[in-house]
Structure formats: structure tokens, C-alpha cells
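Chain by chain, the residues:
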Amino acid sequence: MLPSAWVYILTNKYHTTFYVGITNNLPTRLWEHRTKQHVRSFTGKYNLTKLIYFESFGVITEAIKREKYIKGKNRKWKNRFYY
């Protein structure tokens, strides 16, 4: 089964800020972040363009649960994705 949803984590050059997101098209969404299609967004404001983690899901509800789980974790837990 092909993935219907992706959960991903972005950070900036210095790994000082994280963004956890969900999408149904990861390449397109990353392009939007990197080209600042939404200039006033959180990722645009903090230059969050570096993908450090992604995970695919066959069912959107599972992806939403995972996104909420990751968002609920602290910085120390999220730091493990780029070390």
C-alpha cells in the first residue's frame, strides 16, 4: 500500500527550532517550506528548511496520532533525530 500521509520534522541550520508537520505529499510540502511559499508561516519566519526525520503512514488517522505524539515530546527527545 502506498503512503497516504507523512509526518516530518524540520529544523534550521543551527538546530535551534523544530517544526513537526503532516502532509499527503512530502516532496511538494518540502518544496513549499524551502522556497518560503508561505512567508509569514512559522517555518518561513524561522528558516526551517532542513528535513531531519520523516515517517510514512497508510492511514491519515495514524499519521495524526503520531504527529501529536511527537509534538508532545520535549526538545531533548526531538534532538535525537539529528545526532
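Just above, that's the structure.
These lines cover the structure that appears in this document, whether it is placed above or below. Treat the numbers as computed from the prediction; the structure is a model and nothing was measured. (Residues numbered from 1 in each chain as written. Predicted model: local features only at pLDDT ≥ 70, side-chain atom pairs only at ≥ 80, totals over all residues. Heavy atoms only, no water.)

### A short note on the overall build of the protein
Part 1 of the argument: For the protein, the helix and strand inventory stands at 4 helices and 3 strands.
Part 2 of the argument: Along the protein, from the amino end to the carboxyl end, the secondary structure elements read β-β-α-α-β-α-α.
Part 3 of the argument: Here the protein has a C-alpha radius of gyration of 12 Å; the compact-globule value for 83 residues is 12 Å, and the two agree.
Part 4 of the argument: In terms of overall dimensions, the protein has a C-alpha envelope of 35 × 30 × 20 Å along the principal axes.
Part 5 of the argument: Counting across all 83 residues of the protein, residues that qualify as buried make up 37%.
Part 6 of the argument: Put simply, of all contacts in the protein between residues at least 6 apart along the chain, 58% involve residues at least 24 apart.
Part 7 of the argument: As displayed, the protein offers around 5500 Å² of accessible surface, 55% of which is attributable to carbon and sulfur atoms.
Part 8 of the argument: Here the protein contributes 16 positively and 4 negatively charged side chains, and the mean placements of these two sets differ by 11 Å. (Helix = DSSP H or I, 4+ residues; strand = E, 2+ residues; numbered from the N terminus. Rg over C-alpha atoms; globule rule 2.2 N^0.38 Å. Buried < 20%, exposed > 50% of the residue type's maximum accessible area, 1.4 Å probe, protein only. Contact = heavy atoms within 4.5 Å. Areas by Shrake-Rupley, 256 points an atom, 1.4 Å probe, with all protein chains shown as cover. Lys, Arg positive; Asp, Glu negative; His and termini not counted. Charge placed at Lys NZ, Arg CZ, Asp CG, Glu CD.)

### A word on the packing of aromatic side chains
Part 1 of the argument: Under the defined criterion, the tally for this structure stands at 7 aromatic pairs.
Part 2 of the argument: Ring centres 4.3 Å apart and planes at 45° place the aromatic pair Tyr53 and Phe81 in the tilted group. Note that Tyr53 is positioned in strand β3 (residues 50–57) and Phe81 in the segment after α4 (75–79), a separation of 28 residues in sequence. Taken individually, Tyr53 and Phe81 each receive the classification buried, so the pair is uniform in this respect. (Phe/Tyr/Trp six-rings, centres within 6.5 Å; stacked < 30°, edge-to-face > 60°.)

### Some points on the pattern of salt bridges
Part 1 of the argument: One pass over the structure, following the stated rule, counts 4 salt bridges.
Part 2 of the argument: Across the pair Glu55 and Arg66 runs a salt bridge whose closest N-O atoms are separated by 2.9 Å. Here Glu55, found in strand β3, pairs with Arg66, found in helix α3 (residues 60–71); they are 11 residues apart in sequence, far enough to count as distant. (Salt bridge = Lys/Arg side-chain N within 4 Å of Asp/Glu carboxyl O.)

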